[in-house]
Amino acid sequence: MSIAELYSFYRQHPGVQTDTRKLKPNDIFFALKGPNFNGNTYAETALDMGASLAVIDDKSYFTRPDKMMLVDDVLSTLQELALWHRMKLDIPILAITGTNGKTTTKELVSTVLASTYKTIATAGNLNNHIGVPLTLLSIPPDTDIAVIEMGANHQHEIESYCRIARPTHGIITNIGKAHLEGFGSEEGVRKAKGELYDFLRDHDGSVFVCNNYPYLLEMSQGIMEVITYGEKDADCTGEPLATSAFLGVKVTSDDTVGTLQTQLTGAYNFPNVMAAVTVGLYFNVPGDRIRQAIENYVPSNNRSQVMKQGTNTVIMDAYNANPSSMRAAVENFTGISAEKKVLLLGAMMELGPDSVKEHQALVDLLQRTHWHAVVLVGGDFSKVQHPYLFLENAAAAAQWLQQQQFTDTYILVKGSRSIGMEKVVGN
């Protein structure tokens, strides 16, 4: 069976799955392999569960020729099928990448667009070499616009996703220090994320650029269409309004959107909100729909969530952490007016040789402000000098927090995903 024949089969059975636990009847099962698993071993099970076809790359499991497709490499076949499908779609494809805020921006942008158009967006954070093709293959023919999130931890990764998704529009949220083990330096991050701009420059695409970051304006030079957003001197302008723990935004360049009140915490979310406003206006979404969509968006998955626990207010931002996002979260927390403020911060991961230095820099930042309490959890926090409580893991931090029985306290919880800081407050 060729890719063309597989695509014809896919058009009849458009459900695609790589996990038998999520398999639905008539789905096509792609038997992916990884360091700790071999999907080929589940091919027979997938067919027994009702899969219409199993795509495998190990001939020792090729037991049902009528229901199996044997290929050289399952992942490559999945990506080729996604590209084939992409080439049949004549719709805007908006790709989003960046160091911080890409998932929140993707959620806000897709929510705004969905108020007016049939919109497909990356589910959760499926933004890698598997998630990008799966998102493309989830796009039905009657879709008006698609929003694809692209993550990366090494060079040429975004470039490879662009070859499959072939975006027409793009957003780089920002460039910061993250995944330095793979990128080598912040300049390496800039080069890697800039691969999205490179593709759009070469294919007459359009980009939405936050002019609060001059380096993005510099990187976007030569792209056919550049639409800017920010606090001033931009195509779409606004200003952040600090209202308790939540972010308000006044859109100053468009009277139809006006002032909106988000359910997001932190001024660091201002560019994410403005990106959604700008994209909405660009695609002619009415201003009142933009405002309502953003105001009704409730963050999930431990990103910028504000939760009440008794008389305490918990800011849960524990999905991920790197030096730039940590600094932004701490500086935002500093600005919140509250008598008692407690921080529980998990270590930052994948920082390579700079890890201890970056953890020390964060501690130095913390020491500029008086806090009711600070708890540092795990990783390289054990290797830096600080006056705070250090605990080995999130479970110990959860136990400590429970013992304190705080009242009328603001609590910030943040850390890299692998530290599991969401467990601190029982999520």
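The coordinates are above.
Residues numbered from 1 in each chain as written. Predicted model: local features only at pLDDT ≥ 70, side-chain atom pairs only at ≥ 80, totals over all residues. Heavy atoms only, no water.

Structural notes on the packing of helix α1 (residues 3-12) against helix α3 (residues 74-88)
Turning to step 1, where the next piece is worked out: Two elements in contact, α1 and α3, have axes whose closest approach is 10 Å; the angle formed by their N-to-C orientations is 70°. Relative to α3, the element α1 lies roughly perpendicular. Crossing of α1 against α3: the hand is right-handed. Contact residues: α1 offers Ile 3, Ala 4, Leu 6, Tyr 7 and Tyr 10, while α3 offers Thr 77, Glu 80, Leu 81, Trp 84, His 85 and Lys 88. (Axes fitted to C-alpha atoms, helices over the stretch in contact; angles between N-to-C directions. Helix = DSSP H or I, 4+ residues; strand = E, 2+ residues; numbered from the N terminus. Parallel < 35°, antiparallel > 145°, perpendicular 65-115°, else oblique. Left-handed = near helix turned anticlockwise from the far one by under 90°. Contact = heavy atoms within 4.5 Å.)

Concerning the nonpolar core
Turning to step 1, where the next piece is worked out: Counting 47 residues, the largest nonpolar core has Phe 30, Val 55, Leu 136, Ile 139, Met 150 and Tyr 197 as the members making the most contacts within it.
Turning to step 2, where the next piece is worked out: Here this core gets five residues from one element, more than from any other, and that element is helix α6 (residues 157-165).
Turning to step 3, where the next piece is worked out: What Met 150 contacts, discounting residues up to four positions off in sequence, is Ala 95, Ile 96, Thr 97, Lys 102, Asn 127, Val 132, Ile 158, Tyr 161, Cys 162 and Ala 165.
Turning to step 4, where the next piece is worked out: Membership of the second largest hydrophobic core comes to 45 residues, among which are Ala 329, Leu 343, Tyr 388 and Val 424. (Core = buried A, V, L, I, M, F, W, Y, C linked by side-chain atoms within 4.5 Å. Buried < 20%, exposed > 50% of the residue type's maximum accessible area, 1.4 Å probe, protein only.)

Considerations on the sheet that holds strand β21 (residues 410-414)
Turning to step 1, where the next piece is worked out: Across the sheet, six strands lie side by side as β16-β17-β21-β18-β19-β20; this open sheet has mixed pairing. The sheet terminates laterally at β16 (305-309) and β20 (389-391), the two strands that pair on one side only. Taking the axes of each pair of neighbouring strands and ignoring which way they run, one obtains an average angle of 20° across the sheet.
Turning to step 2, where the next piece is worked out: Here three bridges tie strand β19 (residues 373-377) to β20, and the two strands are oriented parallel to one another. Directly across from Val 375, in β20, lies its bridge partner Leu 389.
Turning to step 3, where the next piece is worked out: Seen against the sheet, helix α13 (residues 323-335) touches β17 (312-317), β18 (341-346) and β21 and runs at an angle of roughly 175° to β18. (Pairing = 2+ DSSP bridges.)

Looking at helix α14 (residues 355-366)
Turning to step 1, where the next piece is worked out: Counted at 1.5 Å a residue, the expected span for α14 with its twelve residues is 16 Å, and the 17 Å between its end C-alpha atoms agrees.
Turning to step 2, where the next piece is worked out: Within α14 the residues assigned to the buried category are Ser 355, Glu 358, His 359, Leu 362, Val 363, Leu 365 and Leu 366. Buried residues in α14, looked at end-on, bunch into an arc of 160°, giving them a common side.
Turning to step 3, where the next piece is worked out: On the buried face of α14, the contacting elements are α13, β18 and β19. (Expected span 1.5 Å × (residues − 1). Arc of directions from axis to C-beta.)

Re the pairing of strand β11 (residues 206-210)
Turning to step 1, where the next piece is worked out: Most of β11 is tucked away: five of the five residues are buried.
Turning to step 2, where the next piece is worked out: Here β11 shows no split at all, with Ser 206, Phe 208 and Cys 210 on one side and Val 207 and Val 209 on the other all buried.
Turning to step 3, where the next piece is worked out: Here three bridges tie strand β10 (residues 169-172) to β11, and the two strands are oriented parallel to one another. Within β11, the residue paired with Ile 171 across the bridge is Phe 208.
Turning to step 4, where the next piece is worked out: Note that β11 and strand β12 (residues 225-230) share five bridges and pair parallel. Bridge pairing links Val 207 to Val 226 in β12.
Turning to step 5, where the next piece is worked out: After leaving β11, the chain enters helix α10 (residues 214-219) and then returns to the sheet as β12, a path that is right-handed. (Right-handed = clockwise from strand over helix to strand, strands pointing away.)

So, the packing of helix α4 (residues 102-114) against helix α12 (residues 287-296)
Turning to step 1, where the next piece is worked out: It is at 8 Å that the axes of α4 and α12 come closest, and there the two elements cross at 135°. When the axes of α4 and α12 are compared, the pair comes out oblique. For α4 against α12, the interelement crossing comes out right-handed. Here Leu 108, Thr 111 and Val 112 of α4 come into contact with α12, specifically with Ile 290, Ala 293 and Ile 294.
Turning to step 2, where the next piece is worked out: A breakdown of the residues in the contact of α4 with α12 according to their chemical character gives five nonpolar, one polar and no charged. (Nonpolar A, V, L, I, M, F, W, Y, C, P; charged D, E, K, R; others polar.)

Quick look at the pattern of salt bridges
Turning to step 1, where the next piece is worked out: Under the criterion given, the structure shown has 14 salt bridges.
Turning to step 2, where the next piece is worked out: Among the ionic pairs, Asp 57 bridges to Lys 33, the shortest N-O distance being 2.9 Å. Residue Asp 57 is located in the loop between β5 (53-56) and β6 (68-70), and its partner Lys 33 is located in strand β3 (residues 33-34); the two are separated by 24 residues in the primary sequence.
Turning to step 3, where the next piece is worked out: Judged by relative accessible area, Asp 57 falls into the buried class, the value being 15%.
Turning to step 4, where the next piece is worked out: The class for Lys 33 is partly exposed, based on a relative accessible area of 46%.
Turning to step 5, where the next piece is worked out: Taken together, the shared-partner salt bridges in this structure form one network comprising Glu 44, Asp 48 and Arg 64. (Salt bridge = Lys/Arg side-chain N within 4 Å of Asp/Glu carboxyl O.)

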